[in-house]
Each structure stands twice: as C-alpha cells, then as structure tokens.
Amino acid sequence: MEIKILPTVNDNHVFKPEIGKKMTDLITRFQSFLDEDEIDSLVTETYEILSHCTNPKLLKEQDVTHLTVGYVQSGKTMSFTALTALAADNGYRIIIYLAGTKNNLLSQTTKRLTKDLITESQYNNLYKIFENPTLSKSSEIRNKLRLSTKPTILITVLKHHIHIGELSAIFKSTIIQQELGKQGVLIIDDEADQASLNGFSYVNTKKAAISDEWDEETDNKESSTYSSILNLRTTIPNHSYVQYTATPQGPLLISTMDLLSP
C-alpha cells in the first residue's frame, strides 16, 4: 500500500515528518476496521499533530506544549497510537504516556499499545515497552537504546507524583543522559484535564470568589502531580508535550504563563 499526503502545514514549519514503514504498517492493519475516509482523516490529523512538535533530529534544547481535542469515544487512543508510529518513523527514541490516574487505565493503555504496535506488527522488534519503570530499570532502558535495531522505547506511567518522580530520576541518571543526550522525547498526556493541572489554582480561585481575598500562600503552591510533571519536563532538554482531552476548557483557561498552557 502506498500512502500519499499533501502537507497542510505552513512552509515555514521546520519539522515536516515523513511517513515511514512503522506508520504504513499500522495503517495497513487499521484498514481491517476503518474505511478509506477514516484512514485519510487519521493520517492527515496525525501528520498535523506531529508537524507542530519539535524536530527530534535537531539536537538542541527545545520544548513545546500542544493540545489535541477529540470527542468522547472518538478514538483518542487510536490517534496517539498512530502518533507513536509516525514519531518513531521520524526519530523519536522515547515516547512517554501519562496514562490516567487509575491502574486499570494504565494497564489498558499498555495492553493496547502492545497489541497495536508490537504483537500484531511485523516490526515488533522496533518497539520496547515499559510500564511504571523505576530507577532500577535505567540500565535496561539504556541497553535497549543501544540496540542496533534502534527501537523506540515506550513508557507508560501512572499519573501520580511517585511514579512520575521515578521516571524523572531515570532521566536524571547519568547513563540515560549520556545515551539519550538531546535526542527528542515525546510526552503524551492522556485525559490532560485530569490531575495534570495545578489543583491549587482551582482551590485558590474558589476561595477568592467566596471571600474576595486572594490567598498568596496558596497561590504559590503546586499540586503534587502537576509539580512532578513540571519536574519531569525539566529533565528532558528536547521534548514535545502533547495533551489529549475531550474537555479542553481546563488547559485552555489556565494562565498562558503556566508551563502546561498549550
């Protein structure tokens, strides 16, 4: 099967992804349950999303935050699975998924990615997946990055400050820093309106509405998950942070100075 796409992005964009064998393989398998129009939409939208991310092959410090909005039950998981394949085709070596606040959601995402990208793919050796890795997994992740097949490392993590903190420790470790350098990392935040944003901002705004007083002490506080996400991002010099949600009001209405503002 040959996929052709006319870029819809502005010519001034630095990053123009190429559809390679991983994306083509995934789309070919998706044809068993998607019609031609649905395939065209998926390919076009995925290309558009990735084209607004950082170019992983530009080995310098850079980061962006973007928001991807879809209706409830509109195929968000399929979208970020396709985004994974296209990102892998274009040089992203590590992709992180903040996969919800419940263990069952984390497990569901890990199983879905494993099925779509590894179990059913002819290129199953080009992905390696880790669920909630701890610092002790640093050497194993480093070793996977060194493989001659250059697999893309997929990391699913519970949206909880302890697990995100462990992931930050991995990226702070010398062996990962030396191996990864400033190669691009993609962070996908599933249900980005849930738990990721600073909960204290809401609490303080609610207090101010009732008492007409702004609590500056609370204003300076950060909820634990939000703080851990910011810390994770500081450990990865070259990354794109893509928020997925069906209810974008939260990310859109926070301060534009907030680092999670798209």
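It should be noted that the structure appears before, not after, this text.
Residues numbered from 1 in each chain as written. Predicted model: local features only at pLDDT ≥ 70, side-chain atom pairs only at ≥ 80, totals over all residues. Heavy atoms only, no water.

## A word on the packing of aromatic side chains
Tallied over the entire structure, the rule returns three aromatic pairs. Seen in terms of ring centroids, Phe80 and Tyr97 are 5.9 Å apart; in terms of plane orientation they differ by 45°. Their pairing is tilted. On the criterion of sequence distance, the pair formed by Phe80 in helix H3 (residues 76-89) and Tyr97 in strand E2 (residues 94-98) is long-range, its members being 17 residues apart. For the pair shown, Phe80 and Tyr97 are each scored as buried. Put simply, the rings of Phe80, Tyr97 and Tyr244 pair up and form one aromatic cluster. The ring of Tyr127 is capped by Lys22, whose NZ or CZ atom sits 5.7 Å from the centre of that ring. (Phe/Tyr/Trp six-rings, centres within 6.5 Å; stacked < 30°, edge-to-face > 60°. Helix = DSSP H or I, 4+ residues; strand = E, 2+ residues; numbered from the N terminus. Buried < 20%, exposed > 50% of the residue type's maximum accessible area, 1.4 Å probe, protein only. Lys NZ or Arg CZ within 6 Å of the ring centre and 35° of its normal.)

## Quick notes on the packing of H3 against helix H4 (residues 103-119)
Between H3 and H4, whose axes approach to 11 Å, the crossing angle comes to 55°. One way to sum up the angle between H3 and H4 is to call them oblique. Pair H3 / H4 crosses with right-handed handedness. From H3, Thr77, Met78, Phe80, Thr81, Thr84 and Ala85 reach across to H4, where they touch Thr109, Arg112, Leu113, Asp116 and Leu117. In terms of residue class, the contact of H3 with H4 is built from five nonpolar, four polar and two charged. (Axes fitted to C-alpha atoms, helices over the stretch in contact; angles between N-to-C directions. Parallel < 35°, antiparallel > 145°, perpendicular 65-115°, else oblique. Left-handed = near helix turned anticlockwise from the far one by under 90°. Contact = heavy atoms within 4.5 Å. Nonpolar A, V, L, I, M, F, W, Y, C, P; charged D, E, K, R; others polar.)

## A look at the nonpolar core
Ranked by internal contacts, the top residues of the largest apolar core, which has 33 residues, are Phe30, Leu50, Leu117, Leu186 and Ile188. Among the elements of the structure, helix H1 (21-30), helix H2 (36-51), H3, E2, H4, strand E5 (185-190) and strand E6 (238-245) are those that each provide at least two residues to this core. The element contributing the most residues to this core is H3, with eight residues. Discounting chain neighbours no more than four positions away, the residues touching Leu50 are Phe15, Pro17, Leu83, Leu86, Ala87, Asn90 and Tyr92. (Core = buried A, V, L, I, M, F, W, Y, C linked by side-chain atoms within 4.5 Å.)

## Here's the deal with empty space enclosed by the protein
Taken as a whole, this structure holds one cavity of 30 Å³ or more when the rule is applied. Roughly 30 Å³ of internal volume is contained in the largest cavity. Lining the largest cavity are Lys22, Asp25, Leu26, Arg29, Leu117, Ser121, Tyr123 and Tyr127. When residues in the lining of the largest cavity are grouped by element, the largest group, four residues, is from H1. (1 Å grid on protein atoms, 1.4 Å probe; cavity = no way out; pocket = protein on both sides within 12 Å on 5 of 7 lines; lining within 4 Å. Points joined across faces, edges and corners; volume = space filled by probe spheres on them.)

## Examining unusual backbone geometry
Residues other than glycine predominantly adopt negative phi, and peptide bonds predominantly adopt the trans conformation. Within the chain, Lys150 stands out as a residue other than glycine whose phi angle is a positive 50°. Of the residues examined, Lys150 reaches a relative accessible area of 56% and is grouped as exposed. Positive phi outside glycine occurs at Ala195, with the angle close to 75°. Among the structural elements, Ala195 can be located in the loop between E5 and helix H8 (199-211). Overall, the relative accessible area of 35% leaves Ala195 in the partly exposed class.

## Some details on the sheet that holds strand E3 (residues 127-131)
Ordered in space as E1-E6-E5-E2-E4-E3, the six strands form an open sheet in which the pairing is parallel. Edge positions in the sheet fall to strand E1 (62-69) and E3, since each has one partner strand and no second. The mean angle between the axes of side-by-side strands here comes to 15°, regardless of whether they run parallel or antiparallel. As paired strands, E3 and strand E4 (residues 152-157) are joined by five bridges and run parallel to one another. Residue pairing across strands places Phe130 opposite Ile155, the latter belonging to E4. (Pairing = 2+ DSSP bridges.)

## Observations regarding H3
Over its 14 residues, H3 runs 20 Å from end to end, which matches the ideal 20 Å to within 8%, given 1.5 Å per residue. Buried residues dominate H3, accounting for 12 of its 14 residues. Among all positions of H3, only Lys76, Met78, Ser79, Phe80, Thr81, Ala82, Leu83, Thr84, Ala85, Leu86, Ala87 and Ala88 are buried. The first or second residue beyond H3 is Gly91, which carries a positive phi of 105°. (Expected span 1.5 Å × (residues − 1).)

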